[in-house]
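Below are the chains, spelled out letter by letter.
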Amino acid sequence: MHAWPAPEVPELPGRGPAVRLHDTAARALVPTPAAGPGEPARIYVCGITPYDATHMGHANTYLAFDLIQRAWRDAGHPVSYVQNVTDVDDPLLERAVATGQDWEALAESETALFREDMTALRILPPEHYVGAVESIPLVVDLVVRLLEQGVAYDVDGDVYFSVHSDPTFGSVSHLDGAEMLKTFAERGGDPERPGKKHQLDCLLWMAGRDGEPAWDPGAAGRAAGLRDGRPGWHIECAAIALEHLGMGLDLQGGGSDLAFPHHEMGASEAQVVTGERPYAQTYVHSGMVGLHGEKMSKSKGNLVLVSKLRHAGVDPMAIRLALLAHHYRADWDWTDADLESAQLRLARWRAAVSRPDAVPADDVLDAVRERIADDLDTPGALAVIDAWAARQEAADAVGGGEDVGSGAVERNTAAPGQISRIVDSLLGVAL
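Residues numbered from 1 in each chain as written. Predicted model: local features only at pLDDT ≥ 70, side-chain atom pairs only at ≥ 80, totals over all residues. Heavy atoms only, no water.

*Asks:* Even after reading the chapter, I still don't get the pairing of strand S8 (residues 202-207), so can you show me in this structure?
*Replies:* A regular strand places its side chains on the two faces of the sheet in alternate fashion. In terms of burial, S8 is largely enclosed, as six of its six residues are buried. Judged from the three bridges that link them, S8 and strand S9 (residues 229-231) form a sheet pairing that is antiparallel. Bridging across to S9, Met206 finds its partner in Arg230. (Buried < 20%, exposed > 50% of the residue type's maximum accessible area, 1.4 Å probe, protein only. Helix = DSSP H or I, 4+ residues; strand = E, 2+ residues; numbered from the N terminus. Pairing = 2+ DSSP bridges.)

Shown next, in the form of structure tokens:
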């Protein structure tokens, strides 16, 4: 599966500082990546289930990990980034039935729309963009290995993973047992299914159902007892990440609703099947974007779609700025006022850099780098650029080189281009 074209990222002088991010597992800010200076940083971010893309919650998540890539590259780390597409799963099949569409055509069209949205928002693409369907041989291999280790078992043809075979299960999300059961049931789990050894055990391989797609598990899978079927959700991501990044990847990312069960269970599956720990050095999660007081989600239908805003003529850079105005870990509600403020900010910045000369910007690069390195403090980074634009406006109001406040303002013909490169490289906003 192909990703989307990469935007050009301007090179900046010097190197950015080490980036500290909030690690869900450590419950603290930690330096990232674990890789040494100049070493590649490995990141896996969970992708979409393509039945209705791309709402602001998606955009907020992928923007956060775009910023991390930019900051790591600015600090001198090559980045190996992998993202999946869950192009077969219950929600996709249910939407296809409800709308009378072929499920493969639905997945293909929504994935194409997602690519268009990511391109418009100037999100850096993954090095490997991998679908669940194309990864079935990888999944089968892991399921067979888990069966051979005695940590997976059959329930009426479906195969489940014994989550407590990992002694560190629970160390990603830190939920207690009651919270795990409640959340598992809410997010696609089946705690009440008869025949399971433990309510929290999760599906690895689903045997084919009438009217649903199923795949031959191959000779090794059949020898292990697998029927024609399809992958479970968590093992899909574990298989793709292990294939392309290996154990101990620097960062596992996604929305905060993935910390449990998805990231918890995927980590345990990988750690048990390989016998190594940790699966990921850091777990980073973005907040939820809501609308009218409720989480924005496909199931609720309360979506603000990137594509609809674009088709209505909204500049994608204004959408990006509206998201950047909120900290990536915050939960917040999208409003028209967010977009209006972002449009005004974009116009102000573009006006400031369009002038033939400008007030000096020598301190701006270090200040923006510092804010981004501090757990992606994008509101703080925007404030730095706002302050420069305000100085520019004040200088223009009294004329170049005249006194503004406490002293004369030096004009600099290089400053507009310098600001544009900083904003483009670190914030991804093209002025």
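*Asks:* Would you mind showing me how to read the environment of His311 here?
*Replies:* Mapping His311 onto the fold places it in helix H9 (residues 306-311). By relative accessible area, which is 61% here, His311 ends up exposed. With 173 residues separating them along the chain, His311 and Leu138 place their C-alpha atoms 39 Å apart.

*Asks:* Help me understand the packing of aromatic side chains in this model?
*Replies:* Describing an aromatic ring pair means giving the distance of the ring centres and the angle of the ring planes. According to the stated counting rule, one finds seven aromatic pairs in the structure shown. Between the aromatic rings of Trp4 and Tyr129, the centroid separation amounts to 5.5 Å while the plane-to-plane angle is 80°, which identifies the pairing as edge-to-face. Highlighted residues: Trp4 in the segment before strand S1 (19-23) and Tyr129 in strand S5 (residues 128-131), separated in sequence by 125 residues. As far as the burial class goes, Trp4 and Tyr129 line up, both buried. Ring centres of Trp332 and Trp334 lie 6.3 Å apart, and the angle between their planes is 40°; this geometry places the pair in the tilted category. A relative accessible area of 8% places Trp332 in the buried class. Looking at Trp334, the relative accessible area reads 6%, which means it is buried. Put simply, the rings of Trp4, Tyr62, Phe114 and Tyr129 touch in pairs and so form one group of aromatic residues. (Phe/Tyr/Trp six-rings, centres within 6.5 Å; stacked < 30°, edge-to-face > 60°.)

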